[in-house]
Structures are given as structure tokens and as C-alpha cells.
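Inside the fold
Given next are the chains, with one letter for each unit.
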Amino acid sequence: MPWMYKLRTFSIALVSVFMLLLSGCMPDECKDKTCENGAACVNGACICPDWFEGENCEKRISQRFTGAYAGPYNCASLSDIVLTVTESAEVINQINLTNFQLTGTLTAQNKFDIPEQDFIHPVTGAVLRISGNGSVNEGRLLVNFRGVNDPSFICSFQGTVIL
């Protein structure tokens, strides 16, 4: 049965050559794709690491929060303010609520926590320990925080982006 052995060997060789030629014809969809910030390219699309987004993972999610927001601020009294939010230069998932001298840690695409930290009372100048949370949605920023040792101390801000 040497002819069957030769036929089988020839068939395997032919299939192998065909597969090699076929795989060489498939385009590399990631060849010209530039993924940033440690992202991986899979089938022509960038798979972004945590806290990055965009077609090439070029944007920090914290950029969604940055800007100046105007609106009512209720903290011992009601007044209108402009609150500026900036990205942290050191921590990818952190934002700065500059007017309040507070930091927020991103927890989701549009939400953040304000971890326990010191806050200077706007009226008395007293330093209070606070914690809270916030969110941004369609150009509106909501911020809420309260005293850790004095839960009756509550502050809130609701603003609309102006810059």
C-alpha cells in the first residue's frame, strides 16, 4: 500500500501549502493601528486599559470631568460659584476640585468618590474631616460631601459646564 501512503503524504503537504498561502493573504488589521497608553490591538481595535478611552486609547477618562462649572453651592449658606475641576498630574483616576481644595477618585465612567480628607469651612475657617461623592453627566457636575465627625455638616454643588 505504498501508493496510499504517498497519496496521504501528498494530501497533507498540499493542505499545508494551501493553509500557508491562505494565512499569508490575510491582512494584519493591527499593522497600521497605533494604540496608546499601553493598549493592545485586537482585530484592528484598541482595547484600552482602565481609565483610558478613545479610538486609540488616547484620552484619560478624567478628561470628562475637567472644566469650569457654574451653579449653586450650598454649604452653611447658599451662593453661586464657579467650581474648577482639573486632572491630577500624578494619579490617572484622580481629579482635583480646586476651589474646595479636595480630590476625587474616579469609580466609574462618570462617577467619583471624595475620600476622607480635610476641608476648610467656608464661613468659620475651621478644618473639618469630610467624605462624599459626585458625578458628571451631559455637562452637569454634582458634588456632595458631609462631615465625618459631624454628619449634620452637609455641602452640595450642582453646576453646568461653562468652559
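So, here is what we can say about the structure in this document. (Residues numbered from 1 in each chain as written. Predicted model: local features only at pLDDT ≥ 70, side-chain atom pairs only at ≥ 80, totals over all residues. Heavy atoms only, no water.)

Our next topic: a nonpolar patch on the surface. Residues Val82, Ile162 and Leu163 make up a contiguous nonpolar surface patch of about 310 Å² in total accessible area. Tracing the chain through its elements places Val82 in strand β6 (residues 78–87). (Patch = residues over 30% accessible without salt bridge, like charges linked within 9 Å, V, L, I, M, F, W, Y side chains within 5 Å. Areas by Shrake-Rupley, 256 points an atom, 1.4 Å probe, with all protein chains shown as cover. Salt bridge = Lys/Arg side-chain N within 4 Å of Asp/Glu carboxyl O. Helix = DSSP H or I, 4+ residues; strand = E, 2+ residues; numbered from the N terminus.)

Before going further, it helps to spend a moment on the nonpolar core. In this structure, Leu97, Phe100, Phe112, Phe119, Leu141, Val143 and Phe145 are the most contacted members of the largest nonpolar core, which totals 23 residues. Elements that contribute at least two residues to this core include exactly β5 (67–74), β6, β7 (94–97), β8 (102–108), β9 (111–120), β10 (127–137), β11 (140–147) and β12 (154–161). When sequence neighbours within four positions are dropped, the list of residues in contact with Leu97 reads Leu83, Thr84, Val85, Leu102, Phe112, Ile114 and Val143. Core analysis: the next-biggest nonpolar cluster, separate from the first, contains five residues, Cys35, Ala39, Cys46 and Phe52 among them. (Core = buried A, V, L, I, M, F, W, Y, C linked by side-chain atoms within 4.5 Å. Buried < 20%, exposed > 50% of the residue type's maximum accessible area, 1.4 Å probe, protein only. Contact = heavy atoms within 4.5 Å.)

The strand order around the closed barrel formed by eight strands is β5-β6-β7-β8-β9-β10-β11-β12, and the pairing between neighbours is antiparallel. This sheet shows a mean twist of 30 degrees between the axes of neighbouring strands, independent of strand direction. Bridge analysis of β11 against β12 gives seven bridges, and the strand direction is antiparallel. Within β12, the position partnered with Arg140 by the bridge is Thr160. (Pairing = 2+ DSSP bridges. Axes fitted to C-alpha atoms, helices over the stretch in contact; angles between N-to-C directions.)

Another aspect to go through is the state of the cysteines. With the rule as written, the count across this model stands at four disulfides. Shown here is the disulfide that connects Cys30 with Cys41, its sulfur atoms set 2.1 Å apart. Measuring the twist about the S-S bond at about -85 degrees, one finds the Cys30-Cys41 disulfide to be left-handed. A residue pair is termed long-range when its members are at least 10 positions apart, and Cys30 in the loop between α1 (2–25) and β1 (40–42) and Cys41 in strand β1 qualify at 11 residues. Between Cys35 and Cys46 runs a disulfide, and the two sulfur atoms are separated by 2.0 Å. Linking Cys35 and Cys46, the disulfide has an S-S dihedral of approximately -90 degrees and is accordingly described as left-handed. With Cys35 in the loop between α1 and β1 and Cys46 in strand β2 (residues 45–47), this pair connects stretches of sequence that are 11 residues apart. In the protein, the cysteines engaged in disulfides, taken in order along the sequence, are linked 1-3, 2-4, 5-6, 7-8. (Disulfide = S-S within 2.5 Å.)

Bringing the pairing of β10 into the picture now. With eight bridges connecting them, β9 and β10 associate as antiparallel partners. Along β10, the bridge assignment pairs Ile120 with Val127. Count of turn residues in the β9/β10 antiparallel hairpin: six residues, of which Gly125 carries a positive phi of about 80 degrees. For β10 and β11, the ladder comprises eight bridges, and the chain directions are antiparallel.

Quick look at the packing of aromatic side chains now. Summed over all chains, the structure comprises six aromatic pairs. Centre to centre, the rings of Phe100 and Phe145 are 5.6 Å apart; their planes meet at 65 degrees, and the pair counts as edge-to-face. You can see Phe100 sitting in the loop between β7 and β8 and its partner Phe145 sitting in strand β11, a full 45 residues away along the chain. The pair formed by Phe100 and Phe145 is uniform in burial state, with each residue classed as buried. Here the aromatic rings of Phe119 and Phe145 are separated by 4.9 Å at their centres, their planes lie at 65 degrees, and the arrangement is edge-to-face. Within this pair, whereas Phe119 is found in strand β9, its partner Phe145 is found in strand β11, the two being separated by 26 residues in sequence. In terms of burial, Phe119 and Phe145 fall into one category: buried. (Phe/Tyr/Trp six-rings, centres within 6.5 Å; stacked < 30°, edge-to-face > 60°.)

The final tally for this structure, using the stated rule, is five salt bridges. Between Glu53 and Arg64 there is a salt bridge; the shortest N-O distance is 2.6 Å. In this pair, Glu53 is assigned in strand β3 (residues 52–53) and Arg64 in the loop between β4 (59–60) and β5, connecting sequence segments 11 residues apart. For Arg64, a relative accessible area of 36% gives the class partly exposed.

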